Amino acid sequence: AARQDTVGALLANRQGLCLGAKGDINPSVSGLGMAISEQVAKLEPQSPAPATICLYSGTKRCVIQKNGEITGVIYKQQGTATSASAAN
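Each residue is numbered by its place in its chain's sequence as written, counting from 1. Confidence filtering applies because this is a predicted model: local features only for residues at pLDDT of at least 70, side-chain atom pairs given and counted only at 80 or more, and all residues used for totals across whole chains, interfaces and linings. To obtain the side-chain values, all non-hydrogen atoms of the structure were used and water was disregarded.

Draft legend 1. Representation of the pattern of salt bridges in the model. What counts as a salt bridge is simple: a side-chain nitrogen of Lys or Arg found within 4 Å of a carboxyl oxygen of Asp or Glu. Under the definition given, this model contains two salt bridges. Note that K66 and E38 form a salt bridge whose closest N and O atoms lie 3.1 Å from each other. Here K66, found in strand β4 (residues 60-67), pairs with E38, found in helix α1 (residues 30-41); they are 28 residues apart in sequence, far enough to count as distant. Only protein chains enter the accessibility calculation, which uses a 1.4 Å probe; a residue whose area is less than 20% of its type maximum is buried, one above 50% is exposed, and one in between is partly exposed. A relative accessible area of 28% places E38 in the partly exposed class. Only runs of H or I of at least four residues qualify as helices and only runs of E of at least two qualify as strands under DSSP, and these elements are numbered from the N terminus.

In structure tokens form, the structure reads like this:
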């Protein structure tokens, strides 16, 4: 069975500066994540819900969401559950 594992996450302020990062994520992507979230928010400016952006590439996924002044970026990696019993 496939599952999504979070491998890294960060928070950025409205200037795109990284407020904190954890895991396998480059803090320099904070500016890019903030810029993407700002542009997507312009698609539906009257929406009360924050826009969520999902970028997919192979087995990797990047989820970006802006909520107020803070933008969150989460990296996920698709893995397969270890199933030693299925191999036997």
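The structure having been displayed, the exposition proceeds.
Draft legend 2. Inspection of the nonpolar core at higher detail. Core analysis: the largest hydrophobic core is formed by eight residues, namely L10, A12, I25, V29, I53, C62, I64 and V73. Within the residue set of this core, elements represented by two or more residues are β1 (2-12) and β4. With residues near it in sequence (within four places) discarded, I25 still touches G8, A9, L10, V73 and Y75. Residues belong to a common nonpolar core when they are buried Ala, Val, Leu, Ile, Met, Phe, Trp, Tyr or Cys residues joined through side-chain atoms within 4.5 Å. Pairs of residues are marked as contacts when any of their non-hydrogen atoms sit within 4.5 Å.

Draft legend 3. Quick look at the confidence of the model for the protein. The pLDDT value tells you how sure the predictor is about a given residue, anywhere from 0 up to 100. Averaged over the protein, the pLDDT score is 87; the fraction of residues at 70 or greater is 86%. Averaged pLDDT values for the elements of the protein fall to 40 in helix α2 (residues 84-87) and rise to 97 in strand β2 (residues 18-23). Across residues 82-88 the pLDDT falls below 50, and counting only partners more than four positions away or on other chains, this stretch makes zero contacts in the model.

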